[in-house]
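Below are the chains, spelled out letter by letter.
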Amino acid sequence: MGFLKDFKSFLLKGDIVNLATAVIVGGAFGKIVTSITNDILMPPIGLLLGGVNFDDLKYVLKDAVIDGETVVSEAVSINYGSFTQTVIDFVIIGFCIFMVLKAYEKSQKKKEEAPAAPAGPSTEDLLAEIRDELKKQNTK
């Protein structure tokens, strides 16, 4: 019973919940960046390169073996177009994360540089005021 209790407290710690949230959001963010790369950036780049589809860029090591309409063995190829697209995805994701972290760091610096709320009078000032008030009362 103690093991289950320890496991439950481990799972419900803030760090684990934050990590799980980050993984889920990161996965969704990766899908968004992949879509931006595949659907928005790569088509114009392919068009500029003469109508090239990056998914079609590959070096065939061994052609497919076809018997009639049946594929006996698939082609063996090095898919450098897919690799190029994956590298571009990585660079875009890295850049976006870099920008988010820079914005976060900038916001943290602003919090540190913000002037502190004006503190009340110092202990010495309060003691001096009390002394002066006592002197006034004793002279009356």
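In case you missed it, the structure is sitting above this.
Note that this is a predicted model, so its numbers are computed, not measured. (Residues numbered from 1 in each chain as written. Predicted model: local features only at pLDDT ≥ 70, side-chain atom pairs only at ≥ 80, totals over all residues. Heavy atoms only, no water.)

K.L.:
Residue-level account of the side chain of Thr 37, with values.
P.N.:
Secondary-structure assignment places Thr 37 in helix α2 (residues 14-48). Contacts of Thr 37, omitting those with residues within four sequence positions, involve Met 42, Pro 43, Gln 85, Ile 88, Asp 89 and Ile 92. (Helix = DSSP H or I, 4+ residues; strand = E, 2+ residues; numbered from the N terminus. Contact = heavy atoms within 4.5 Å.)

K.L.:
Describe the pairing of strand β3 (residues 70-73), and please don't skip the residues or the numbers.
P.N.:
Direction of pairing for strand β2 (residues 65-67) relative to β3: antiparallel, over a ladder of 3 bridges. Bridge pairing links Val 65 to Ser 73 in β3. (Pairing = 2+ DSSP bridges.)

K.L.:
Which residues make up the side chain of Gln 85, and what values go with them?
P.N.:
Mapping Gln 85 onto the fold places it in helix α3 (residues 80-113). Note on Gln 85: relative accessible area 7%, which makes it buried. Once residues lying within four places of it in the same chain are set aside, the contact partners of Gln 85 are Thr 37, Asn 38, Met 42, Phe 54 and Asp 55. (Buried < 20%, exposed > 50% of the residue type's maximum accessible area, 1.4 Å probe, protein only.)

K.L.:
Before we move on, can you summarise the environment of Ala 64 with the specific residues and values?
P.N.:
With respect to the element layout, Ala 64 can be found in the loop between β1 (59-62) and β2. Relative accessible area serves as the criterion here: at 36%, Ala 64 is assigned to the partly exposed category. With 73 residues separating them in the primary sequence, Ala 64 and Gln 137 have C-alpha atoms 107 Å apart. Residues within four places of Ala 64 in sequence aside, it is in contact with Ser 73, Glu 74 and Ala 75.

K.L.:
Pulling in residues and values, what's your account of the pattern of salt bridges?
P.N.:
Side-chain pairing between opposite charges can occur once the charged atoms of the two side chains come close. What the rule picks out here adds up to 2 salt bridges. Between Arg 131 and Asp 132 there is a salt bridge whose closest N-O contact spans 3.3 Å. We classify Arg 131 as partly exposed; its relative accessible area is 45%. Note that Glu 133 and Lys 136 form a salt bridge whose closest N and O atoms lie 3.8 Å from each other. Residue Glu 133 and its partner Lys 136 are located together in helix α4 (residues 123-139), separated by 3 residues, close to a single helical turn. Look at Lys 136 and you get partly exposed, because its relative accessible area is 49%. (Salt bridge = Lys/Arg side-chain N within 4 Å of Asp/Glu carboxyl O.)

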